[in-house]
Amino acid sequence: MSATAPSSALARDLRLLGVAFAFELRKVTAWRAGFVVRELMRSLWRPLVMIFVYRAILATSDARIGGFDFPTMVAYLILAASFEKLLFHQRGLDLADQIFQGYVTKYLTMPVRFFVLALGRFAQHLAVQSSVIAGLWAVGSLLFPQWWPRAASASAAVEAFALVLLGSYCAFLVCFLVNVLAFWLEVVWTLSAMASFVFSFAAGVLVPVSAMPESLAGALRWLFPYWAVSAPGELFLGRLGTQEFVRGVCVLLSWIVALELTREFLWRRGLHRHVGAGA
Amino acid sequence: MNEVLIEMRGAGKRFRTWKRREGLGGFFVNLFAREWTEVAALEGIELEIRRGEFLGLIGANGAGKTTLLKCVSGITPVSSGSARMFGCDSFALRDEHKRRLSMVMGQRSQLWWDLPAIDSFRLLREIYSVPRSDFELRLREAAERLGVADKLQRQLRNLSLGERMKMEIIGAFLHEPDVVFLDEPTIGLDLVSRETIRRYLVEINRARGVTIVLTSHDMEDIEETCRRLVILRQGRVLFDGGLVDLKARTYERRAIEVHLEPSSPGWDAAFEPLLEPLGARLERAAPLTLLFSVPAPAVQRFVPFVFERFAIRDLSIEHHPLDMIIRQIFQQREGGS
């Protein structure tokens, strides 16, 4: 085996990633209605409803929840919605379906790491959602300048974005893992829906984690969803500092390592079990 | 031509499954005490496939055809014995080996439903590292030969079943593989599409020496493309040999198909003993069609026999069709076992 083999394999994976990205982009835009509903509108309605809920709760000007007054809460909800859109979600992968119905079989005879194709989906998701969010922020800050969140500093914005990207990768790995369970289980979509609900709560999409009881908030700070949505939101608004950012990076990297190892293990075990059902 | 590309030695594949007891009581028992059983999908398979062969793999549903393809192509590991391709364990094929093989599942599309086939082909080009110029040339040539050159830009879901399958075939051959597995590629296709696909496969097998393993329930597919036949039954190889050899076994018999007038009396079980002295057998009896297998020397005596008993609209005498030969093999083995 030559010493250049790993680097050429990496170069091949990167080239394939580029093509897979373009392929996924074509797939996601193949249906205009599907694109508008799934890609543009996803994750927008819940925070919009929560704005009205908080309007009722924080009716007086001095009312606070965990240090958030109403304008800060609105800014936080806009940030949470934007960050949640960037996070990879359960409907982004149809791997479980492919395993159940035997379509994944075809990839097993190809000279390709299946994960690279899935990564193409992840890259497409980030690209599309970043564009959507950029458009949303441009329109939103023009129409609602008094409510739209402003970054405490340029570095706070960069740090927040970095945490969201790492968090999104964690979410992608969790989606992949839940899908791979289809090698063993028939209840993957139920598990996926449950995971999504837990994720929304732990990420602080509806209620900022810092506004939750301290014991619960302390526990959630060890989980990656908090560092993917709630913490970046507070970093952006200047409610958390660089020290917290560093902690967030460490927690997220630890999660990525653990999830990557689990993914590799489950994928290999799953393939050994695979019978290509129905194919 | 002599190089062995695929080799199975005593290969077996067993699946573990649990028996689902019926009823509500069975449901509760299943929760706490499962009764596991092992199903042998393949047993003691001995098989060698050489470069350039066109092999037909046939058998009833559940005979193990697709499982055999999966084991030999590395999709699933064998439970016992060995399955090797290109000299390597099939389940541990490296990328350079996988570049030399291809698989088409007749009921599982390789191409993306919502996109034109050309988009999926471009992804395949990258996966198999096909140089751009080769890709364009091969694509154009295959699309023209299969008559779908003007359909490449059309969304796959808007193509007919036959056109979709032709696209699958194009995708399978784009990287010029050495071995191609085709699992029921003509299922549900019309006559013209089937013929086009068969002709293309035969041409490419002859021109490039591609080894092709074809499973099909359509005996015409097998007869018009394959030179060697492997018959599977309950996970075991029942017959492995040349199609010509197989036909020669029953060369001394003829298939006589009798089409009756609507007013004619039909087949009666009382006629059975009358067939025995002639060495004839009734193979199939439909209301207005009877199919007999008759020894060649007895044909002269058999024809008057049927004319005496039935009002006949038409009658044909032919060598045994392949499906009848195969049915006989099954019957002989059942009788022998």
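Coordinates for the structure precede this section.
Worth saying up front: this structure is predicted, and the values here are computed from it rather than measured.

**Concerning empty space enclosed by the protein**
Reasoning step 1: Summed over the entire model, instances satisfying the criterion amount to 4 cavities of 30 Å³ or more.
Reasoning step 2: What lines the largest cavity is a set of 14 residues, and nearest its centre among them are Glu24(A), Gln98(A), Tyr107(A), Leu117(A) and Arg121(A).
Reasoning step 3: Those elements that place two or more of their residues in the lining of the largest cavity are α1 (5-28), α5 (95-101) and α7 (114-143) of chain A.
Reasoning step 4: The leading source of residues in the lining of the largest cavity is α7(A), at 4 residues.
Reasoning step 5: Its residues placed into classes, the lining of the largest cavity shows 9 nonpolar, 1 polar and 4 charged.
Reasoning step 6: Put simply, the second largest cavity is a space of about 90 Å³.
Reasoning step 7: Around the second largest cavity sit Phe23(A), Lys106(A), Tyr107(A), Met110(A), Gln110(B), Leu111(B), Trp112(B), Ser120(B), Leu123(B), Leu124(B) and Ile127(B), which together line it.

**Concerning the pairing of strand β12 (residues 281-286) of chain B**
All names here are of chain B.
Reasoning step 1: In this sheet, strand β13 (residues 289-295) lies alongside β12 in antiparallel orientation, the contact comprising 5 bridges. Within the sheet, the bridge partner assigned to Arg 281 lies in β13 and is Ser 293.
Reasoning step 2: Remark: 2 residues form the turn of the hairpin made by β12 and β13, two consecutive strands paired antiparallel.

**Focus on the interface of chain A and chain B**
Reasoning step 1: At the interface, 33 residues of chain A touch 36 residues of chain B.
Reasoning step 2: Counting the surface lost from both chain A and chain B, the interface buries some 3,000 Å², and carbon and sulfur atoms represent 62% of this.
Reasoning step 3: Taken as a group, Phe23(A), Thr109(A) and Pro111(A) account for 22% of the area that chain A buries against chain B, more than any other trio of residues on that side.
Reasoning step 4: Between the two partners, chain A and chain B, sit 2 salt bridges.
Reasoning step 5: Salt-bridge contacts for Arg26(A) lead to Asp119(B); the nearest nitrogen and oxygen are separated by 2.7 Å.
Reasoning step 6: At the level of elements, α1, α5, α6 (105-108) and α12 (242-273) of chain A are the ones that each hand at least two residues to the side of chain A that touches chain B.
Reasoning step 7: Per element, the largest residue contribution to the side of chain A that touches chain B is 8 residues, and it comes from α1(A).
Reasoning step 8: Looking at side-chain class alone, the side of chain A that touches chain B contains 17 nonpolar, 9 polar and 7 charged residues.

**Observations concerning the packing of aromatic side chains**
All names here are of chain A.
Reasoning step 1: Applying the stated criterion to the full structure yields 29 aromatic pairs over all chains.
Reasoning step 2: Judged by centre distance (5.5 Å) and plane angle (65°), the rings of Phe 224 and Trp 255 are edge-to-face. Taken together, the residues Phe 224 in helix α11 (residues 224-236) and Trp 255 in helix α12 connect sequence positions 31 residues apart.
Reasoning step 3: On the accessibility criterion, Phe 224 (6% relative accessible area) is buried.

**Quick look at helix α4 (residues 117-127) of chain B**
Residues and elements named next belong to chain B.
Reasoning step 1: Where burial is concerned, most of α4 is hidden: 10 out of the 11 residues are buried.
Reasoning step 2: Residues of α4 that are buried include every one of Ala 117, Ile 118, Asp 119, Ser 120, Phe 121, Leu 123, Leu 124, Arg 125, Glu 126 and Ile 127, and no others.
Reasoning step 3: Backbone geometry just after α4 places Ser 129 at a positive phi near 50°.

Definitions and limits used
- Residues numbered from 1 in each chain as written.
- Chains lettered and ligands numbered in written order.
- Predicted model: local features only at pLDDT ≥ 70, side-chain atom pairs only at ≥ 80, totals over all residues.
- Heavy atoms only, no water.
- 1 Å grid on protein atoms, 1.4 Å probe; cavity = no way out; pocket = protein on both sides within 12 Å on 5 of 7 lines; lining within 4 Å.
- Points joined across faces, edges and corners; volume = space filled by probe spheres on them.
- Helix = DSSP H or I, 4+ residues; strand = E, 2+ residues; numbered from the N terminus.
- Nonpolar A, V, L, I, M, F, W, Y, C, P; charged D, E, K, R; others polar.
- Pairing = 2+ DSSP bridges.
- Contact = heavy atoms within 4.5 Å.
- Buried area = accessible area lost by both parts, 1.4 Å probe.
- Salt bridge = Lys/Arg side-chain N within 4 Å of Asp/Glu carboxyl O.
- Phe/Tyr/Trp six-rings, centres within 6.5 Å; stacked < 30°, edge-to-face > 60°.
- Buried < 20%, exposed > 50% of the residue type's maximum accessible area, 1.4 Å probe, protein only.

Distances and angles like these do not, on their own, reveal function.
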